[in-house]
Amino acid sequence: MSRVVLGIETSCDETSVAVLKDDKILSNIVSSQVEIHARFGGIVPEIASRNHLKNLPIVYRKALETAEVDPHDLDAVAVTQGPGLVGALLVGLSFAKGLSLSLDIPMVPVNHLQGHIYAAYLSHRDLTPPFIALIVSGGHTEIVLVRDGFKVLGKTLDDAAGEAFDKVARVLGLGYPGGPAIEKAALEGSDSKYDFPRALLSDGNFNFSFSGLKTSVMYFIKKNPSCSISDVAASFQKAVVDVLVEKTLLAAEKYGIDRVVISGGVAANTCLRREMSDKAISKGLKLYVPPKNLCTDNAAMIARVGLEKLSEGNTASLEINAEPGLQF
Ligand code: KG4
Ligand code: ZN
């Protein structure tokens, strides 16, 4: 029996609604608030919530229109419950509750991090557990063993990788969001010009730390105001990528897993995609990377988790609340 699931994602600054028919994406509309937050140099939670409230009904209508699906044909509504900004999550959750009530369909709460991993199922139909997943986004950097359930092998002890990109970009005067800006600046620079620290690289564990790297770049810029921004961007990017690649592949080796997934906003980074791919191939591993639009926040990945939970009968009552600190 085929199922049609609507997904809603409002955990951060992207308002997104998607329609999935089984695991086929019929629509995946993303309305980004990046330009609104750019002038503040980062996300302002209160403004994010207000814009979700304004945009969500419009994005919802567009998702149904694009999918050519009538709301009464929906079998369930899947929504991000957390982690994320509490006010932003509440907008999506309240909207989902309204749909669940008015259409008399079940609501499926979804862990945003599981969504990032499931983006890979959407792009690679042949992917099955066990695999190692690296989730790298603005709020998270985690290595997860996906086998029977999710086992977090390591995570960042301070800043997330995306956060480091955003903060360093601000110091370099490259604007927000920092990831794409640093990637662009790095194209003109040399990644071996400066040797920035690669924290915890040879500790043999799977935790990360990026705040020392950020501080190191800040001091470097202060001391060398006339240095080449492109060289700093390229060298910083390489330091982040080296650690992400090394630790992820080490996890695969240690747990005897031959499949690796990378996802989350930072997985849109070309340098990370290339280095991870080259090194994975050289170790005989298979790498699964979703296309860039499924790496960054989107509702299709949320609907994909919803589809699975729905088939397990794992739905929720309308009393559930947002869980800003939700983990695996
Ligand atoms: O997954 P995502 O869209 O939202 C969160 O769940 O956080 O990730 C956003 C993060 C931001 O920090 C942004 O700077 C980073 O992903 N990002 C990138 C690139 N594109 C987005 N970082 C490095 N290179 C990129 N091309
Ligand atoms: Zn995300």
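This text follows the structure it describes.
Residues numbered from 1 in each chain as written. Chains lettered and ligands numbered in written order. Predicted model: local features only at pLDDT ≥ 70, side-chain atom pairs only at ≥ 80, totals over all residues. Heavy atoms only, no water.

So, on to helix α9 (residues 270-282). Spanning 13 residues, α9 covers 18 Å between terminal C-alpha atoms, matching the ideal 18 Å at 1.5 Å per step. Considered for burial, the residues of α9 that qualify are Cys-271, Leu-272, Arg-273, Glu-275, Met-276 and Ala-280. Where α9 is buried, its residues meet β6 (131-136), α8 (229-255), β9 (259-263), β10 (286-288) and α10 (292-295). For α9, the N-terminal capping position is held by Asn-269, with its side-chain oxygen 3.0 Å away from the main-chain nitrogen of Cys-271. Residue Gly-284 follows α9 closely and has a positive phi angle near 75 degrees. (Helix = DSSP H or I, 4+ residues; strand = E, 2+ residues; numbered from the N terminus. Expected span 1.5 Å × (residues − 1). Buried < 20%, exposed > 50% of the residue type's maximum accessible area, 1.4 Å probe, protein only. Contact = heavy atoms within 4.5 Å. Polar contact = N/O pair within 3.5 Å; in protein donor to acceptor, adjacent residues only side chain to side chain.)

Turning our attention to unusual backbone geometry. Only a minority of non-glycine residues have a phi that is not negative, and only a minority of peptide bonds are not trans. Cis geometry is adopted by the peptide bond preceding Pro-83, which originates at Gly-82 and carries an omega value of -5 degrees. The omega torsion of the bond from Pro-129 to Pro-130 falls at 5 degrees, within 30 degrees of zero and hence cis. Note on placement: Pro-130 falls in the loop between α4 (112-123) and β6. The phi torsion at Asp-22 lies on the positive side, around 55 degrees, for a residue other than glycine. Along the chain, Asp-22 turns up in the loop between β2 (14-21) and β3 (24-32). Judged by relative accessible area, Asp-22 falls into the partly exposed class, the value being 28%. With a phi close to 60 degrees, Leu-200 is a non-glycine residue in the positive phi region. Summarising the element assignment, Leu-200 is placed in the loop between α6 (178-186) and α7 (211-223).

Looking now at the packing of α7 against α8. The description of two helices packed together rests on the angle between their axes and the distance between the axes. One way to put it is that α7 packs onto α8 with a least axis distance of 11 Å and a crossing angle of 165 degrees. Judged on the interaxial angle alone, α8 and α7 are roughly antiparallel. Along this stretch, α7 crosses α8, giving a crossing that reads as right-handed. Mapping the contact onto sequence places Leu-213, Val-217, Phe-220 and Ile-221 in α7 and Val-232, Phe-236, Ala-239 and Val-240 in α8. (Axes fitted to C-alpha atoms, helices over the stretch in contact; angles between N-to-C directions. Parallel < 35°, antiparallel > 145°, perpendicular 65-115°, else oblique. Left-handed = near helix turned anticlockwise from the far one by under 90°.)

Once that is clear, we can look at the layout of surface pockets. Approximately 1,100 Å³ is the volume found for the largest pocket. Along the walls of the largest pocket sit 39 residues, with Asp-13, Ser-137, Gly-138, Asp-166 and Tyr-176 positioned nearest its centre. Of all the elements in the fold, those that place two or more residues in the lining of the largest pocket are β3, α4, α5 (161-171) and α6. Counting residues per element, the lining of the largest pocket draws most heavily on α5, at six residues. Its residues assigned to classes, the lining of the largest pocket shows 13 nonpolar, 18 polar and eight charged. (1 Å grid on protein atoms, 1.4 Å probe; cavity = no way out; pocket = protein on both sides within 12 Å on 5 of 7 lines; lining within 4 Å. Points joined across faces, edges and corners; volume = space filled by probe spheres on them. Nonpolar A, V, L, I, M, F, W, Y, C, P; charged D, E, K, R; others polar.)

Read across the open sheet, the five strands follow the order β3-β2-β1-β4-β5; overall the sheet is mixed. Edge positions in the sheet fall to β3 and β5 (107-111), since each has one partner strand and no second. On average, each strand axis in the sheet is inclined to that of its neighbour by 20 degrees, with strand direction left out of account. The strands touched by helix α3 (residues 86-103) within the sheet are β1 (4-9), β4 (76-82) and β5, with β4 carrying the most contacts at an inclination of about 160 degrees. (Pairing = 2+ DSSP bridges.)

Here we take up the coordination of the zinc ion (ligand 2). Within the protein, the zinc ion (ligand 2) binds to His-112 (NE2), His-116 (NE2) and Asp-297 (OD); these donor distances fall in the range 2.0 to 2.1 Å. Coordination geometry of the zinc ion (ligand 2): the four donor atoms subtend angles of 94 to 144 degrees at the metal centre, consistent with an arrangement described as irregular. Each donor residue of the zinc ion (ligand 2) lies on the same chain, and together they follow the pattern H-x3-H-x180-D. Taken together, the positions of His-116 in helix α4 and Asp-297 in the loop between α10 and α11 (299-311) put the pair 181 residues apart, joining distant regions of the chain. Using a relative accessible area of 12% as the deciding quantity, one classes Asp-297 as buried. (Donors = N, O, S within 2.8 Å, 3.2 Å for Na, K, Ca; no water. Tetrahedral: all angles 85-135°; square planar, octahedral: opposite > 155°, others 65-115°.)

By the secondary structure assignment, Asn-298 is in the loop between α10 and α11. Along the chain, Asn-298 and Leu-89 lie 209 residues apart, while their C-alpha atoms are 14 Å from each other. Of note is the side chain of Asn-298, whose polar atom sits 2.8 Å from the backbone oxygen of Thr-296. Engagement of the side chain of Asn-298 in a polar contact is seen with the backbone nitrogen of Ala-300, the distance being 3.1 Å.

For the rest of this paragraph, the subject is the site of ligand 1. Every one of the 19 residues lining ligand 1 counts as a neighbour, but Gly-138, Asp-166, Glu-183, Gly-265 and Asn-269 are closest to it. Within the side chain of His-116, an N or O atom sits 3.3 Å from an oxygen atom of ligand 1. The contact in question runs from a nitrogen atom of ligand 1 to an N or O atom on the side chain of Asn-269, over 3.0 Å. In isolation ligand 1 has 560 Å² of accessible area, and contact with the protein removes 89% of it. If you list the elements that add at least two residues to the shell around ligand 1, you get α4, α5 and α6. (Near = heavy atom within 4 Å. Areas by Shrake-Rupley, 256 points an atom, 1.4 Å probe, with all protein chains shown as cover.)

Quick look at the packing of aromatic side chains now. How two aromatic rings sit relative to each other is set out by the distance from centre to centre and by the angle between their planes. Counted according to the given criterion, the structure contains ten aromatic pairs. Taken together, a centroid distance of 5.6 Å and an interplanar angle of 85 degrees make the contact between Phe-196 and Phe-220 edge-to-face. You can see Phe-196 sitting in the loop between α6 and α7 and its partner Phe-220 sitting in helix α7, a full 24 residues away along the chain. Take Phe-196 and Phe-220: they sit in the same class, and that class is buried. Among the aromatic side chains, those forming a connected cluster through ring pairs are Tyr-118, Tyr-121 and Phe-131. (Phe/Tyr/Trp six-rings, centres within 6.5 Å; stacked < 30°, edge-to-face > 60°.)

Any functional reading would require information beyond the geometric quantities listed.
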